[in-house]
Structures are given as C-alpha cells and as structure tokens.
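# Fold and contact review
What follows is the residue order along each chain.
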Amino acid sequence: MVVEAATSEADAPGPRKDKDARETRLHNNGAGSPKPTWRAVTLSFIMGTKVHGLKFVFSPDKSKLRRAIWIVAFCLCVSLLCTWSWNRISYLMSYPAVSKIYMVWAPNMSFPAVTFCNQNVFRVSSLTKEDLYHSGYWMDLTYPNRTVMERSKSILRDQHKQELLSLLDFDGYAPPPDRAANTTEMMGRLGHQLEEMLLECRFRGESCTHRNFSTIYTRYGKCYTFNSGLDGNPLLTTLKGGTGNGLEIMLDIQQDEYLPVWGETDETSYEAGVKVQLHTQSEPPFLHQLGFGVAPGFQTFVSSQEQRVAYDRLGLLHATLQYLPPPWGDCKSTPIDSEYFSTYSITACRIDCETRYLLENCNCRMVHMPGTSTVCTPEQYKDCADPALDFLVEKDNDYCVCQTPCNMTRYGKELSMVKIPSKASAKYLAKKFNKTEQYIGENILVMDIFFEALNYEKIEQKKAYEIAGLLGDIGGQMGLFIGASVLTILEIFDYLYEVFKDKVLGYFIRKKRPQRCQSDNLEFPENQTSPGVTPNHAPRAPVTPSGVTRTVSDSRRTCYLVTRL
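Described in the following lines is the structure provided in the data block. (Residues numbered from 1 in each chain as written. Predicted model: local features only at pLDDT ≥ 70, side-chain atom pairs only at ≥ 80, totals over all residues. Heavy atoms only, no water.)

Along the chain, I420 connects to P421 via a cis peptide bond; the corresponding omega equals 0 degrees. Of note, R204 is a non-glycine position whose phi angle comes to about 55 degrees, a positive value. Tracing the sequence through the fold places R204 in the loop between β5 (198-203) and β6 (206-207). Residue N434 is not a glycine yet carries a positive backbone phi of 60 degrees. By the secondary structure assignment, N434 is in the loop between α13 (423-432) and α14 (437-443). (Helix = DSSP H or I, 4+ residues; strand = E, 2+ residues; numbered from the N terminus.)

As a further point, take the state of the cysteines. Per the counting criterion, the structure on display carries six disulfides. With a sulfur-sulfur separation of 1.8 Å, C362 is cross-linked through a disulfide to C384. Across the S-S bond linking C362 and C384, the dihedral sits near -85 degrees, which makes this disulfide left-handed. Separated by 22 residues along the polypeptide, C362 in helix α11 (residues 346-362) and C384 in helix α12 (residues 378-394) bring together distant segments of the chain. For C362, a relative accessible area of 8% gives the class buried. Cysteine C77 shares no disulfide, and the gap to the nearest cysteine sulfur, in C75, comes to 9.5 Å. C77 gets classed as partly exposed once you look at its relative accessible area, which sits at 23%. (Disulfide = S-S within 2.5 Å. Buried < 20%, exposed > 50% of the residue type's maximum accessible area, 1.4 Å probe, protein only.)

Generally speaking, a soluble globular protein has its nonpolar side chains buried in company with each other. Within the largest apolar cluster, 33 residues are counted, with the highest numbers of intra-cluster contacts made by F122, L127, L132, L358, M366 and Y381. Going through the elements one at a time, α5 (129-135), α7 (158-167), α8 (183-190), α11 and α12 are the ones with two or more residues in this core. At five residues, the largest contribution of residues to this core is made by α12. Membership of the second largest hydrophobic core comes to 32 residues, among which are L194, L198, V302 and M447. (Core = buried A, V, L, I, M, F, W, Y, C linked by side-chain atoms within 4.5 Å.)

Take the pairing of strand β10 (residues 247-252) next. Counting buried residues in β10 gives five out of six residues, a clear majority hidden from the surface. With five bridges joining them, β5 and β10 adopt antiparallel strand pairing. Looking at the pairing, E200 lines up with M250 of β10. Inspection of the sheet shows β10 paired to strand β16 (residues 444-451) by six bridges, in the antiparallel sense. Pairing of I249 across the sheet is with M447, part of β16. (Pairing = 2+ DSSP bridges.)

Turning next to helix α15 (residues 467-481). Each α-helix turn comprises 3.6 residues. Residues three or four places apart therefore point the same way. Helix length check: α15 (15 residues) gives 21 Å between terminal C-alpha atoms against 21 Å at 1.5 Å per residue, within 8%. Every buried residue of α15 is listed here: L470, I474, Q477 and M478. For α15, the arc enclosing every buried residue in end-on projection is 105 degrees, short of the 170-degree limit, so these residues lie on one face. Turned more than 90 degrees away from the buried face of α15, the exposed residues are A468 and L480. Looking one or two residues past α15, G483 carries a phi angle of roughly 65 degrees, positive in sign. (Expected span 1.5 Å × (residues − 1). Arc of directions from axis to C-beta.)

This brings us to the environment of S207. Position of S207 relative to the elements: it lies in strand β6. Along the sequence, S207 and E248 sit 41 residues apart, while their C-alpha atoms lie 9.6 Å from each other. Apart from the residues within four sequence positions on either side, S207 is in contact with C201 and R202. (Contact = heavy atoms within 4.5 Å.)

Let's shift gears to the packing of aromatic side chains. Remark: the centre distance and the inter-plane angle together describe each pair of aromatic rings, the angle taken between the planes. Within the structure shown, the criterion is met by 13 aromatic pairs. Ring geometry for F203 against F226: centres 5.6 Å apart, planes inclined by 50 degrees, an arrangement best described as tilted. With F203 in strand β5 and F226 in strand β8 (residues 221-226), this pair connects stretches of sequence that are 23 residues apart. In this pair, the class of F203 matches that of F226, namely buried. One aromatic cluster is present, formed by F111, F116, F203, F213, Y224, F226 and F451 through successive ring pairs. Positioned over the ring face of Y173 is K129, at 5.8 Å from the centre of the ring. The ring centre of Y133 lies 3.9 Å from the NZ or CZ of R146, which sits over that ring. (Phe/Tyr/Trp six-rings, centres within 6.5 Å; stacked < 30°, edge-to-face > 60°. Lys NZ or Arg CZ within 6 Å of the ring centre and 35° of its normal.)

This is the structure:
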C-alpha cells in the first residue's frame, strides 16, 4: 500500500525532520505487535484447556517421572473413552429395538369380521349330468375321456350310487353348445346355501338372518362373512364383554350332502364341520391356512382378545401390533403394490402373489382369486391350477415372500366346548327342526364368539437406542475420563483453526507478498540545490520496525509510505 503526502517546499528542514520523526513513531505504535505463532497458540491451548491432565503432561515445572505418570494416565483414559465410544456407536449401528405391551381399555370395540366355510365344497344332491360332464375328471370320478373310474364306483355309498351312476352315463349325451363350463357359477350353485345351513343367529341378543352375511369364495368354495361391512351392512360394535354380547349362530352342516370321498383331491375333505377365521374388514380371509375348525355335536365358545401390534384376537383378545421398518425391523411400511388390494396385509400379499403365479403358469385364475382374468375350467383346475398352487405353497419358498406389516390387528382366541345336544334337549331340537335325534347330533353345531373384555392389547416395537442416547453416553464418558464437554470440543476446533490459519493461510500470504528490492529503502535523491546535502552522501532513512519506508523528492516534497503486507 502506498500513501502519498505533499508538503510545502518552503518548510524548513529542521521542523520538517522533527515532524517526520513524530509521524513515524505514531505509525509504529499503531501497527500493533506481531501475531502469535502456532507454538504460542499450542502452549496457550494446553495451559488453558479444560481437558484434565493435559497441562500436567506438558508442564515444565513437573519432574520427568511425574510427567511420565501423567502421560500414562492420560493415554489410558483416552483409550477407555475411545473404546467405550466405539462400543456405543456399534450398538447404535446394530439398530436395536424393544417391544412394549400395553393394555388399553375402551368404552366400545368394533366386532371382527367372522368368515366360515363348510368343509364340503359341492352338495351331492345338486349335481347334474352337465356338472359331472364338465367336472367329473376334476372330482376324480372319471377319466379325461369321461369314462367312470372303477375304483371310484366301488367306493360310492349305496344311497348315492345309483343316482350318480345314472348321471355318469354319458352315452349319447352332449351338453348344450351355448353353455361352456362356468366354474364360478357351478361353485355358487353347488355350494352349501346359508339359507339352509343357518338355523339361528343372534348378535348382542338381537336376531339376525342370512342377509347379515356376505358371500365370499375361498379354497373351500362358497363361504360367508358376518360383519364384512359390504352389501350395505354397517360395521357392528359391542359394548360389553362376555358370552351373549357377541355373535351366536347355530348351523346345520348337512353331512348327508357331502360329496363321497372316492379319491384324494383338493376339493374333497375327510372332516365334517366348518372352518372359521376372525379377521379385520380390510383383510381378506385365508381360511385354508389360518382358520380353526368347529365340529358338529358341540357348542364352541370362542373367547377373543384383540391384539394391536404396532411391530406398531374365541372370547376375543384384541391386540394392536406395530413394528418398526428396516433397519430396526423387517416389517413393510410402504403401500401394497397390487391391482387387487388397497391395504397391505400378509393374506392380501399371499393371495395377490398366488394369483399372479397361476396367471403366469396356467393363464387362468381360481374362483376365489381377485381380478377379471379368465377363471380356470374344471380341467384346468385338475391339470394345472391345483398342482401349481400346491407346489407354490409347499415347495417354492422364494416366489411369494410377504413381509409382516408394520401395523396390524389380529385376534387371539381361546376355545372351549360343551356337548350338544344333551339327552334332555335332543328330542326338543329334533322336533323343532323336524330332524331325527341322530341327525341333530351329527350335524348341528353352535358357535358363540365374543370379546373377553372391552380392552385390547397393544404390542409396540420401539427403537432401543437413538442419537440422543449415543450423545448422552459419550458425553458422560468424556466427563468421567478426561473431564471434557461439548465446549471443550469447540476449544479444540478453535485451536485447530488457529494452527491452520498460521501454517496454511500464512504460507499463501507470504507467497503472494512482493519481494524486497532497492526501491524499498528510503533515501534522498540527488538534489544539487539543497544545501548541506551531496549526492554521494545522501542520508538513508532508517527502516521502521513495521516495514515502512519513506522517499522524499526534491522541489515540492513528496513522502511515499510503502507498507509490506
């Protein structure tokens, strides 16, 4: 930087010299002292930091032995701090989680959807020649060329033998040309009808009918759901727990209508009774894997409790399950990617996956599967759909991988049974329903489903360790081992900044500074007219400590102040 100052030529040399000296002294005083070096900054940091023991390590007043002891103690504490801090960081990176269980009381609770199916798919009395023509091979009654299997013929019961054999005589028979095999229509028509099965129904003491049930198809064929929220039926709630405050139904399973078992197929059953599942209205039923059986000749009490797993239910235990998404857990938090279902659940995922699998391998879907694709014919059921689905369920564990939803509701259940009818009531029930006592004992069942109490169990999965806990643990160990805190860390950063500024920035500043040359010195140029001054003996102005030089010209006197930055 150059500053130019002009003075009058008439100024006397003596006063001018005194004035220049005063200006030089004032400039030197304002320049300040030199900046401290990094060694001075380091010494100041060591002696003033709050880190315990550091000043004793470098103290010149301590003996070598004491300084050595302080070095060992300081290094040991720092090592313990680093070890424990790494342990806490590793624990955080393992994404630990804990599960908590709450019991929540409620003034009222939504009643679950109750889906049940008869174990028998087709009623034998409803079969027609056309049905057997299209589905005899599927039922393992005939060969693909529609000739009757002798093995199946020999197993037929006498009460059905003559009737079925007449229906299986296809000599000269041809189905109507305009009527192709319709599996959906056949299952709906041949399945057990609720109007005939339902003998009594009550919900919270009030009567209900088959109109309070919705029809749905599963692997068991035609099934029925109570409190589905569909077909204009409102969702039902219950205000009390215990028997009599839920759903109570009496069913006739119609064992006389069971299709004779003449071979092992997916559509034949060795059991008699109904399969039942409790589920939420947003979750499709999956009875063949998740249902429980209710046998005829018994009144079954299903005490349930709702469980809400928040991983975010026969008295009904209502539990809310809430789980954590990755990396803390393995639940699914994203919406379901399906054209058939809007709400994700394990059963929705499985049904969606099975539907896609059959469409890829058989170019058709089963009756219970969603969508508008072509429904498999009875022949396709026998040759492709049933074997493919069995293989998918039993062997292929990689195709359908369904994660647990992060929030779901399930129903825990406890079953208890009593014999029905009693000897005292057998005659009354036989007269009431116009059946024999034997028929009542073999076909009638009662199912009573109720909440155990108006509460639900909430199972919630939470993060066991988070950033706040990590900072608290490391901060506590810092205070314990070296007496440091967050502000001490700021001190260290401030020290590193000063060193950086002195060593790095200082290097570039010195590199850009102009080199000193002869013109940097202050001297009087030749002036023949100035008295008492000769060119060869012109006085050199002293260089000031701040690196300021002056150059004075003749005639009108000019002073140049050159400062090296």
